[in-house]
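This is what each chain is made of:
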Amino acid sequence: MTETPNPNIVDADSLTGEMHPIRRVVVALGSNLGERLSSLQGAVDALADTPDFFVTGVSPVYETEPVDSPEEAKPYLNAVVLADTTLPAARLMERALAIEDAYERERSEVRNAPRTLDVDLIVVGDRRSNEDFLRLPHPRAHQRAFVLQPWHDLEPDAVFPERGPIADLLADVDGSGVRRREDLALEVE
Ligand SMILES: Nc1ncnc2c1ncn2[C@@H]1O[C@H](COP(=O)(O)OP(=O)(O)OP(=O)(O)O)[C@@H](O)[C@H]1O
Ligand SMILES: Nc1nc2c(c(=O)[nH]1)N=C(CO)CN2
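Residues numbered from 1 in each chain as written. Chains lettered and ligands numbered in written order. Predicted model: local features only at pLDDT ≥ 70, side-chain atom pairs only at ≥ 80, totals over all residues.

Chemist: Would you mind going over the site of ligand 1 with me for this structure?
Modeler: Taken together, Met93, Ala96, Asn112, Asp118, Asp120, Leu121, Phe133, Leu134, Arg135, Leu136, His138 and Arg140 make up the full set of residues adjacent to ligand 1. At the level of secondary structure, the elements contributing two or more residues to the shell around ligand 1 comprise α3 (89-102), β5 (118-124) and β7 (135-136). The element contributing the most residues to the shell around ligand 1 is β5, with 3 residues. Taken together, the residues of the shell around ligand 1 break down into 6 nonpolar, 2 polar and 4 charged. (Near = placed C-beta within 6 Å. Helix = DSSP H or I, 4+ residues; strand = E, 2+ residues; numbered from the N terminus. Nonpolar A, V, L, I, M, F, W, Y, C, P; charged D, E, K, R; others polar.)

Below you can see the structure in the form of structure tokens.
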């Protein structure tokens, strides 16, 4: 007997016509304006609520001296989130910008102006991009202790694509302005 395929059965991939690989994602969060910890927690919650985005780790919270920032800039709280996702990188970038907007992030002409919330994509699997809208891997993160230190807490053996082990990168940067806040923590639902 020959089998006739059932035309009513479709899977998720045939709905979009595309296959999306699962990618490991590193997201960096920062805030140096307003209720800093609430904004970071809101970003973690919003990321965890994103369909097809699975948070696998949330780092400790660090209080960090502003880097390359206007003189009046106040200290940041920084943290890193790890996740697995099948979302395309451009969709992730849109989501990151929407989450920033939800926390009244103002986009100023001033470079690195104080902000309620910054959601940066550091690495999205092996995805490379060199457009203004999306640069991957993040072009400055390998020099930033406020990204490398919380990432290292979660994944000491991680490798930054094309730059090397994050433990080595961390040893090469000035970490003096990065202080762990044992009294603060982010939660995952
Ligand atoms: N990997 C990335 N992560 C976050 N934003 C990115 C990335 N690549 C490009 N962008 C673009 O950068 C713009 C946001 O820049 P923003 O002012 O937040 O940079 P920044 O966080 O202040 O500086 P930096 O990029 O040095 O951390 C957005 O338009 C966004 O599309
Ligand atoms: N300490 C610290 N400095 C910064 C940060 C940040 O998150 N933390 N973000 C910046 C632009 O994204 C510029 N400088």
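Right, picking up where we left off after that structure.
Chemist: I keep staring at the pairing of strand β4 (residues 76-85) and nothing clicks. Help me out?
Modeler: Residues in a regular strand project their side chains so that they alternate between the two faces of the sheet. Most of β4 is tucked away: 9 of the 10 residues are buried. Sheet topology places strand β1 (residues 23-31) next to β4; 9 bridges connect them, and they run antiparallel. Bridged to Val25 within β4 is Ala83. (Buried ≥ 20, exposed ≤ 12 C-beta atoms within 10 Å, placed from the backbone. Pairing = 2+ DSSP bridges.)

Chemist: I tried to follow helix α4 (residues 145-154) on my own but got confused; where do I start?
Modeler: Residues spaced three or four apart along an α-helix point in a common direction, a consequence of the helix completing one turn every 3.6 residues. When you tally the buried positions in α4, you get 7 out of 10 residues, the bulk of the element. Looking at α4, one finds that the buried residues are Ala145, Phe146, Val147, Leu148, Gln149, Pro150 and Trp151. Where α4 is buried, its residues meet β1, β3 (62-64), β4, β5, α5 (166-172) and β10 (178-180). (Contact = placed C-beta atoms within 7 Å.)

Chemist: Help me understand the pairing of β1, please; the structure alone is not making it clear to me.
Modeler: Of all 9 residues that make up β1, 7 are buried, and the element is covered over most of its length. The sheet contact formed by β1 and β5 spans 6 bridges and is antiparallel. Residue Gly30 lies in a different strand from β5, and its bridge partner there is Asp118.

Chemist: Would you mind going over the environment of Pro60 with me for this structure?
Modeler: In this fold, Pro60 is placed in the loop between β2 (53-58) and β3. The exposure class of Pro60 is partly exposed, given the 17 C-beta atoms found within 10 Å. Counting along the chain gives 123 residues from Pro60 to Asp183, while the straight-line C-alpha distance between them is 9.9 Å. In contact with Pro60, not counting residues within four places along its chain, are Pro150, Asp153 and Arg180.

Honestly, it's all geometry; don't read function into it.
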